[in-house]
Amino acid sequence: MSSFEFISLTIIGCAIVTWISRVLPFIQHLGHLPSVNWNNLLASIPTVLAAILTKNLLVIVLVGVFSLAFIQIIF
């Protein structure tokens, strides 16, 4: 097997594993539409604002983690 074939198979394998992990949670709830995770939606609002205002990845991650933790404590 040449290195090109090995790299191609590795990329295809990674794509399949990624796709399966993204699709599998929706298959478990047959007959139901996907629902909105309200905690994540509420936590994304200050995170997006921090991203627009600061453009600093550390600040964005910290605001996202702390806002989600705060929301989960409240609700």
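Conventions we followed
Residues numbered from 1 in each chain as written. Predicted model: local features only at pLDDT ≥ 70, side-chain atom pairs only at ≥ 80, totals over all residues. Heavy atoms only, no water. Helix = DSSP H or I, 4+ residues; strand = E, 2+ residues; numbered from the N terminus. pLDDT = per-residue confidence, 0-100. Contact = heavy atoms within 4.5 Å. Patch = residues over 30% accessible without salt bridge, like charges linked within 9 Å, V, L, I, M, F, W, Y side chains within 5 Å. Areas by Shrake-Rupley, 256 points an atom, 1.4 Å probe, with all protein chains shown as cover. Salt bridge = Lys/Arg side-chain N within 4 Å of Asp/Glu carboxyl O. Expected span 1.5 Å × (residues − 1). Polar contact = N/O pair within 3.5 Å; in protein donor to acceptor, adjacent residues only side chain to side chain.

Brief notes about unusual backbone geometry
With phi around 55°, Lys 55 is a residue other than glycine that occupies positive phi space. For Lys 55, the position within the fold is in the loop between α2 (38-54) and α3 (57-74).

Here's the deal with the confidence of the model for the chain
Here the chain averages 89 in pLDDT, while 91% of its residues score no lower than 70. Mean pLDDT in the chain bottoms out at helix α1 (residues 3-27), which sits at 87, and peaks at α3, which reaches 95.

A closer look at the side chain of Thr 47
Structurally, the position occupied by Thr 47 is in helix α2. Beyond its immediate sequence surroundings of up to four residues, Thr 47 is in contact with Ile 60, Val 63, Gly 64 and Ser 67.

Topic: a nonpolar patch on the surface
Where nonpolar side chains cluster on the molecular surface, the patch consists of Met 1, Phe 6, Ile 7, Leu 9, Ile 11, Ile 12, Ile 16, Trp 19, Ile 20 and Leu 24 and spans about 1,100 Å² of accessible area. Topologically, Ile 12 is positioned in helix α1.

Digging into α3
Here α3 contains 18 residues, and its C-alpha end-to-end distance of 26 Å stays within 8% of the 26 Å for a straight helix at 1.5 Å per residue. Along its buried surface, α3 packs onto α2. Looking at where α3 begins, the residue whose side-chain oxygen comes 3.2 Å from the main-chain nitrogen of Leu 58 is Asn 56.

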